[in-house]
Amino acid sequence: ALATCGRPSPEPHIALLKSQQRELRERAAGKLLRYGDEIVPRLIQEVGSGYTTARFESVRLLGRLRDRRAVPILIHALNDRSANVAALAAWGLGEMRATEAVPALLPYTGEIARDLRAEVIRALGLCYTDTLAVSTTDSVHAAVLAAFDDDVPKVRIAALQSMHEFGFPNAL
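A short tour of the structure in this document, coming up.

How each quantity is defined
Residues numbered from 1 in each chain as written. Predicted model: local features only at pLDDT ≥ 70, side-chain atom pairs only at ≥ 80, totals over all residues. Heavy atoms only, no water. Helix = DSSP H or I, 4+ residues; strand = E, 2+ residues; numbered from the N terminus. Core = buried A, V, L, I, M, F, W, Y, C linked by side-chain atoms within 4.5 Å. Buried < 20%, exposed > 50% of the residue type's maximum accessible area, 1.4 Å probe, protein only. Contact = heavy atoms within 4.5 Å. Expected span 1.5 Å × (residues − 1). 1 Å grid on protein atoms, 1.4 Å probe; cavity = no way out; pocket = protein on both sides within 12 Å on 5 of 7 lines; lining within 4 Å. Points joined across faces, edges and corners; volume = space filled by probe spheres on them. Nonpolar A, V, L, I, M, F, W, Y, C, P; charged D, E, K, R; others polar. Salt bridge = Lys/Arg side-chain N within 4 Å of Asp/Glu carboxyl O. Axes fitted to C-alpha atoms, helices over the stretch in contact; angles between N-to-C directions. Parallel < 35°, antiparallel > 145°, perpendicular 65-115°, else oblique. Left-handed = near helix turned anticlockwise from the far one by under 90°.

Moving on: unusual backbone geometry. Backbone phi values are negative for most residues with the exception of glycine, while trans is the configuration of most peptide bonds. In this structure, Arg66 takes a positive phi of about 55° despite not being glycine. By the element assignment, Arg66 lies in the loop between helix H4 (52-65) and helix H5 (71-77). Even without a glycine there, the phi angle at Arg97 is positive, about 50°.

This brings us to the nonpolar core. Counting 54 residues, the largest nonpolar core has Leu74, Leu105 and Leu124 as the members making the most contacts within it. Per element, the largest residue contribution to this core is eight residues, and it comes from helix H6 (residues 83-96). Leave out the neighbours within four places in its chain, and Leu105 touches Leu78, Ala90, Leu93, Val120, Ala123, Leu124 and Cys127.

For helix H2 (residues 22-33), built from 12 residues, the straight-helix expectation of 16 Å at 1.5 Å per residue is met to within 8% by its first-to-last C-alpha distance of 16 Å. Where H2 is buried, its residues contact helix H1 (11-16) and H4.

Quick look at the environment of Glu111 now. Here Glu111 is to be found in the loop between helix H7 (102-105) and helix H8 (114-127). Not counting the four nearest positions on each side in its chain, Glu111 is found in contact with Leu116 and Arg117.

The space that makes up the largest pocket amounts to roughly 160 Å³. In terms of lining, the largest pocket is formed by Val47, Gly48, Arg55, Ile73, His76, Ala77, Asn79, Asp80 and Arg81. Broken down by element, the residue count for the lining of the largest pocket peaks at three residues, all from H5. Looking at the lining of the largest pocket residue by residue, the classes come out as three nonpolar, three polar and three charged.

Applying the stated criterion to the full structure yields 16 salt bridges. Of the charged contacts, one joins Glu11 and Arg42 as a salt bridge, the two residues approaching to 2.8 Å between their closest N and O atoms. Highlighted residues: Glu11 in helix H1 and Arg42 in helix H3 (residues 40-46), separated in sequence by 31 residues. The exposure class assigned to Glu11 is partly exposed, which follows from its relative accessible area of 34%.

Time to look at the packing of H6 against H8. Running from N to C, H6 and H8 cross one another at 15°; their axes reach a closest spacing of 8 Å. It follows that H6 is roughly parallel to H8 by the angle criterion. Note that H6 runs across H8; the crossing there is left-handed. Here Ala83, Ala86, Ala87, Ala90, Trp91, Leu93, Gly94 and Glu95 of H6 come into contact with H8, specifically with Asp115, Leu116, Glu119, Val120, Arg122, Ala123, Leu126 and Cys127. Residue composition of the contact of H6 with H8, by class: 11 nonpolar, one polar and four charged.

This is how it looks when you write it as structure tokens:
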């Protein structure tokens, strides 16, 4: 459908997302970004790929495009078998400030994979809003406060970023 609009088909670039060569994947991803919101439905399809590299790049692109249509698929991608894909899904949800993702993010605050744990903590701060249910806001605050005691510096930094997003004077 995209090719009929006078643009070349994105499919050759989509195919390169499966490549094991990082440079090829990144170049293809850059070209796919030029399609803007038009490419979102195709990227959403590719998140279901059997290729980890294709899922990784598709989730990353969806986060960069910040199209709200991708929120449900990014929430689902939190459960990806690759912790790197799941971490990018959390990152993308944070970039979109997807308030509806907060309940889905909370179970991943104790995740073993440190990058995933850090991105989840960061995303909780970005997605936080006072309009969430009281029990949810209490859980978010508790998770972020607990992250200050994490052994991994990246997680502690994410906790600082989240606390800043909460906007509580003198909280830091």
